[in-house]
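Below are the chains, spelled out letter by letter.
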Amino acid sequence: MPIDAFAAQNCSIARPLSVLGERWTILVLREISLGSRRFDEIQSALGVATNVLSSRLATLVDEEIVERRRYSEHPERFEYRLTRKGADLQPVLLAFLRWGDKYTAGSAGPPLETVHASCDHVFHMVPTCSHCGEEVKPRDLRPRPGPGATKKQRERGARLAERRERERRAA
């Protein structure tokens, strides 16, 4: 069941969290992305209770992030695959992976490496500008209200922009 308190917010971070913020959901998506397709494979890899896994998969199917496909009729068995909407979460998973590798991997190094199939080198998620292609670092960003912002969000955005400008001039 999605987290209703987040779903009601006019925020493109909170709304996805209403679905993706459930405990185990990101790890279920990780397993499917890595190639685990069947319930028992996912459950075995994660060690999650079957009722919890059933619930998370049901939410992901309801949200059209994952699709359930029959692979056997006798006995009836299903597998789970990412939809286009689910595949579009790959950059999110790769960003989690990069952060985890940087801040939580042990001295032996990361437990998993992603390799770019074209060049066969280890790949690390690097955010780039969709307009100019430059690498984007946190200091390069500034927020502004978008077309879907409410009046309250626009007023808050103006206050924060004024504060940033004062801080920039003071520095």
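As the structure is a prediction and not an experimental result, all values here were calculated from the model. Numbers given for residues are sequential positions, taken from 1 along each chain in its written order. For this predicted model, a pLDDT threshold of at least 70 governs which residues receive local features, and a threshold of 80 or more governs which side-chain atom pairs are given and counted, while totals over whole chains, interfaces and linings are taken from all residues. Hydrogens are left out, water is left out, and the side-chain values use all remaining heavy atoms of the structure.

Engineer: Provide a residue-level description of the overall build of the protein, including the pertinent values.
Structural biologist: The secondary structure content of the protein amounts to eight helices and four strands. What counts as a helix is a DSSP run of H or I of at least four residues, what counts as a strand is a run of E of at least two, and both are numbered from the N terminus. For the protein, the sequential pattern of α-helices and β-strands runs α-α-α-α-α-β-β-α-α-β-β-α. Computed over its C-alpha atoms, the radius of gyration of the protein comes to 20 Å, more than 25% above the 16 Å expected for a compact globule of 171 residues. Taken along its principal axes, the extent of the C-alpha atoms in the protein is 70 × 40 × 30 Å. Burial analysis of the protein (171 residues in total) assigns 19% to the buried set. Restricting the calculation to C-alpha atoms gives the radius of gyration, and the globule rule supplies 2.2 Å times the number of residues raised to the power 0.38. To sort residues, take the accessible area from a 1.4 Å probe on protein chains only and compare it with the maximum for the residue type: under 20% means buried, over 50% means exposed, and anything in between is partly exposed.

Engineer: Tell me about helix α3 (residues 25-34), and please be specific about residues and values.
Structural biologist: Listing the buried residues of α3 in full gives T25, V28, L29, E31 and I32. All buried residues of α3 fall inside an arc of 160° around its axis, so they share one side. Only heavy atoms matter for contacts: two residues are in contact if any of them lie within 4.5 Å across the pair. Each element contacted by the buried residues of α3 is listed here: α2 (14-20), α4 (39-46), α5 (50-62), β1 (66-73), β2 (76-82) and α7 (90-103). Of the residues trailing α3, G35 is marked for its positive phi of about 115°. Within this analysis, the arc is defined by the directions that extend from the helix axis to the C-beta atoms.

Engineer: Let's hear about the pairing of β1: which residues, and what values?
Structural biologist: Relative to β2, β1 is paired through seven bridges, and the arrangement is antiparallel. Residue pairing for β2: R70 is matched across the bridge by F78. Two strands form a pair only when DSSP identifies at least two bridges running between them. The hairpin turn running from β1 into β2, its antiparallel successor, is two residues long.

Engineer: Tell me what's going on with the packing of α3 against α5, and back it up with residues and numbers.
Structural biologist: Here an axis means a line fitted to C-alpha atoms, over the contact stretch when the element is a helix, while the angle between two N-to-C directions is reported on a 0 to 180 degree scale. One way to put it is that α3 packs onto α5 with a least axis distance of 10 Å and a crossing angle of 75°. Between α3 and α5, the interaxial angle falls into the category roughly perpendicular. Residue-level inspection shows T25, V28, L29 and I32 of α3 in contact with α5, the latter providing L53, R56, L57 and L60. Convention used here: angles under 35 degrees read as roughly parallel, angles over 145 as roughly antiparallel, angles from 65 to 115 as roughly perpendicular, and any remaining angle as oblique.

Engineer: Any chance you could break down the packing of aromatic side chains for me, citing the residues and the numbers?
Structural biologist: Between rings of Phe, Tyr and Trp, where Trp is taken as its six-membered ring, a pair exists when centres lie within 6.5 Å; planes separated by under 30 degrees are stacked, by over 60 edge-to-face, and by other angles tilted. Scanning the model with the defined rule gives one aromatic pair in all. The lysine or arginine in question, R68, covers the ring of F78, its NZ or CZ lying 3.6 Å from the ring centre. In this scheme, Lys NZ or Arg CZ marks a charge over a ring once it lies within 6 Å of the ring centre and within 35 degrees of the ring normal.

Engineer: Please set out the packing of α4 against α5 residue by residue, giving values where relevant.
Structural biologist: Direction vectors running N to C along α4 and α5 enclose 120°, while the axes themselves pass 11 Å from each other. As the angle between them shows, α4 and α5 are arranged oblique. At the point where α4 passes α5, the crossing takes the right-handed sense. When α4 is examined against α5, the residues F39, I42 and Q43 are found in contact with a partner set consisting of T50, L53, S54 and L57. Of the residues in the contact of α4 with α5, the class split is four nonpolar, three polar and no charged. Handedness of a crossing follows from how the near helix is turned relative to the far one, being left-handed for an anticlockwise turn of less than a right angle and right-handed for a clockwise one. Here the nonpolar group is Ala, Val, Leu, Ile, Met, Phe, Trp, Tyr, Cys and Pro; Asp, Glu, Lys and Arg are the charged ones; every other residue, Gly included, is treated as polar.

Engineer: So what's going on with the nonpolar core? Residues and values would help.
Structural biologist: Remark: nonpolar core denotes a set of buried residues (Ala, Val, Leu, Ile, Met, Phe, Trp, Tyr, Cys) joined through side-chain atoms within 4.5 Å. If you look at the biggest cluster of nonpolar residues, it comprises 16 residues, and the most contacted ones within it are V28, L29, I32, I65 and V66. Elements with a contribution of two residues or more to this core: α2, α3, α4 and α5. With near-sequence residues (within four places) excluded, I32 lies in contact with R37, I42, L57, V66, Y80, R81 and L82.

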